[in-house]
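Given next are the chains, with one letter for each unit.
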Amino acid sequence: EGKVTVKELANKLDISTNELIGKLIGIGIMANINQELDEDTTELIASEYGFEIREAKTLEERQEEELDFEDSEENLVLRPPVVTVMGHVDHGKTSLLDSIRESHVTQREAGGITQHIGASTVNINGNKIVFLDTPGHEAFTSMRARGAQVTDVAILVVAADDGVMPQTIEAINHAKAANVPIIVAINKMDKPEANPDRVKQELTEHGLVPEDWGGDVITVPVSAIKKEGLDELLEMILLVSEMSELKANPNRKAVGTIIEAELDKGRGPVATVLIQKGTLRIGDSIIAGTASGRVRAMIDSYGKRVKKASPSTAVEILGLSEVPQAGDKLFAAKDDKKARELADQRKEQIKRDQIKSKQNISLDDLFDQI
Ligand code: GTP
Ligand code: MG
C-alpha cells in the first residue's frame, strides 16, 4: 500500500533516477529503478529534498468531501446530547437504561408498544437526551475504528458493591481516548454492601477524581432496581452537555452514523441511523457503506412513523439496497444516481483490494517456493 518505485519517487522529486540511486547507496540501499521503496525510506529521502509525504486520500475520504462540508457557525443550533452507557459486566448497564426508559418515556409517546430501534429518547422538561442501546465499548471501538464518533457523554456504571473492575478501566480509557466527558453512576446503592466511598477511592486511583473529593468528575449514586437517583443522573447529563455546547446545522442534507442494521424478512434492509447533521427526509437519496437507496420510511424511537429526522435523532430507515455495517456513515446525496454511483465506486474499490491481496498472497507463495 502506498509504496513507490525508485523511478516514481525520482519523478515526484524532479531529480534524475541516477541521483536518487546515488542517494540510496549513501544510506546503504542498493536499488534499481523499478524497485519499490519502503515508506520510511521514501519519507527520509523526500524530506531531504524538502518534501513531506502525505497519505493519499482514500476513496471514502474523497467521496466524503463531496458529500459533507463544514457548517459555518451562524447556521449551528443546539442539539440534544447522545449518551452511551459503559461499565463492567453485571454492574447494571441494561437495568439502568431500562429504568430510565420505563420512568421517563411515557406510554403516550411509546404508543403502547415497545419498539426496539437501538436508541431511546428521554424528555426532561422539554430537554431531550438520546440514549444508545449499543454497549458503550462496542459503540466506541467499532465506530471509532471507522472514524465515527457518536457519543457526547459516557455514563460509567460502577456497582457500589463491586467497585472498579477491569472493564470499568477499559471504559474509562475508551472515553478518555475519544475525549468524551464521563459521568459516573454509582449503581446498586440499595444493596447493604454498597460502599460508594470505596468506589470513589478506586476511581481516583484511575484518574477520575470525584467532585466531592476536590476533582471535576460528577458521580451520582443510583439504584437501577429501585429507580432511585435517576432524575439527578439525567440532570447531570443535561448539565454536562450544556457545557459542551453541542450544536449542528439542521438545514442541510443529512449526515449520520449507522448504529445497527439487519436484514428483515418482510421489510428488507433495516438500519438505525443517528442523524448528526442536517435533516433526513422521506424520499432522500442516501448512501451508507456500499448500500444506497432512497428513504422509503422512517420510524422514530417511540415506534412512530415520521417524515423527517433532525440532528441527534435516531430513526430506523427502510429503503437501502443492502445491509450497511454499524459505524458506517450515512449521507444524503444529491439524487439516486449520485448515491448509486458512489456506492458502486466503493464496491469496485473493495473488489480491487480483494484482488490485490490475493495477488500478494500468490506472490508470497511463489517466493516461498524459490
Ligand atoms: P452485562 O450486559 O452482562 O454486562 O450486564 P449489565 O451491566 O447490563 O447488568 P444488568 O443490568 O444485566 O444487571 C446485572 C444484575 O445486577 C442483574 O441481576 C440486575 O438485576 C442486578 N442489578 C442491576 N442494577 C441493580 C441495582 O440497582 N440494585 C440491585 N440490587 N441489583 C441490580
Ligand atoms: Mg447488559
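Residues numbered from 1 in each chain as written. Chains lettered and ligands numbered in written order. Predicted model: local features only at pLDDT ≥ 70, side-chain atom pairs only at ≥ 80, totals over all residues. Heavy atoms only, no water.

Per an unreviewed UniProt entry, the chain carries the name Translation initiation factor IF-2 and comes from Senegalia massiliensis. UniProt lists a comment for the chain under the heading Subcellular location (unreviewed entry), and it reads "Cytoplasm". (UniProt positions renumbered as here; feature names shortened; annotations may be inferred.)

Our next topic: the packing of aromatic side chains. The tally for this structure, following the rule as stated, stands at zero aromatic pairs. Its guanidinium or amino end placed over the ring of Phe69, Arg252 lies 3.9 Å from that ring's centre, counting from NZ or CZ. (Phe/Tyr/Trp six-rings, centres within 6.5 Å; stacked < 30°, edge-to-face > 60°. Lys NZ or Arg CZ within 6 Å of the ring centre and 35° of its normal.)

Turning next to the sheet that holds strand 4 (residues 82-87). Whenever strands of a sheet pair, they do so through backbone hydrogen bonds, lying parallel or antiparallel. Within the open sheet, the six strands sit side by side as 5-6-4-7-8-9. Their pairing is mixed. The two strands at the open ends of the sheet, each matched to only one other strand, are strand 5 (119-124) and strand 9 (218-221). On average, each strand axis in the sheet is tilted by 30° relative to the strand beside it, whichever way the strands run. When strand 4 meets strand 6 (residues 127-132), the two strands line up parallel, connected through three bridges. In the sheet register, Val83 faces strand 6, and the bridge partner there is Phe131. Seen against the sheet, helix 8 (residues 166-177) touches strand 4, strand 7 (153-159) and strand 8 (182-187) and runs at an angle of roughly 165° to strand 7. (Pairing = 2+ DSSP bridges. Helix = DSSP H or I, 4+ residues; strand = E, 2+ residues; numbered from the N terminus. Axes fitted to C-alpha atoms, helices over the stretch in contact; angles between N-to-C directions. Contact = heavy atoms within 4.5 Å.)

One recurring pattern in soluble globular proteins is that nonpolar side chains are buried together. Counting residues in hydrophobic clusters, the biggest one holds 24 residues, and the most contacted among them are Leu96, Phe131, Ile155, Ile183, Leu233 and Ile237. Elements represented by at least two residues in this core include exactly strand 4, helix 5 (93-104), strand 5, strand 6, strand 7, strand 8, strand 9 and helix 10 (230-244). If one sorts the elements of this core by residue count, helix 10 sits on top with six residues. The contact partners of Ile237, leaving out residues within four places of it in the chain, are Pro81, Val83, Ile129, Phe131, Ile155 and Ile183. Within the second largest apolar cluster, 19 residues are counted, among which are Ala160, Ile172, Leu203 and Val217. (Core = buried A, V, L, I, M, F, W, Y, C linked by side-chain atoms within 4.5 Å. Buried < 20%, exposed > 50% of the residue type's maximum accessible area, 1.4 Å probe, protein only.)

With that out of the way, let us pick up the side chain of His91. Its place among the elements puts His91 in the loop between strand 4 and helix 5. In this structure, His91 is in contact with Val157, Val158, Ala159, Asp162, Gly163, Met165, Thr168, Asn187 and Lys188, ignoring residues within four places of it in sequence.

Bringing helix 1 (residues 6-13) into the picture now. Turning to helix 1, its buried residues number three or more, namely Val6, Leu9, Ala10 and Leu13. When helix 1 is viewed along its axis, its buried side chains cluster within an angular range of 100° and face the same direction. Exposed and facing more than 90 degrees away from the buried side of helix 1 are Asn11 and Lys12. Against the buried residues of helix 1 lie strand 1 (4-5), helix 2 (17-26), strand 2 (36-37) and helix 3 (39-48). Once helix 1 ends, the next one or two residues include Asp14, with phi positive near 60°. (Arc of directions from axis to C-beta.)

Our next topic: the environment of Gln325. Within the fold, Gln325 resides in the loop between strand 18 (313-320) and strand 19 (329-333). We classify Gln325 as partly exposed; its relative accessible area is 46%. Sequence separation between Gln325 and Ala261 is 64 residues, and the spatial gap between their C-alpha atoms is 6.5 Å.

In this structure, the second largest pocket encloses a volume near 500 Å³. Elements supplying a minimum of two residues to the lining of the second largest pocket: strand 10 (247-248), strand 11 (255-264) and strand 12 (268-277). For the lining of the second largest pocket, the element with the most residues is strand 12, which contributes four residues. Residues belonging to the lining of the second largest pocket are distributed by class as follows: nine nonpolar, six polar and eight charged. (1 Å grid on protein atoms, 1.4 Å probe; cavity = no way out; pocket = protein on both sides within 12 Å on 5 of 7 lines; lining within 4 Å. Points joined across faces, edges and corners; volume = space filled by probe spheres on them. Nonpolar A, V, L, I, M, F, W, Y, C, P; charged D, E, K, R; others polar.)

So, on to unusual backbone geometry. In the Ramachandran plot, Lys188 falls in the positive-phi region, its phi being about 65° despite a non-glycine side chain. Residue placement: Lys188 occurs in the loop between strand 8 and helix 9 (196-205). The phi angle at Ser312 is positive, at roughly 65°, despite the residue not being glycine. You can call Ser312 buried: its relative accessible area is 6%.

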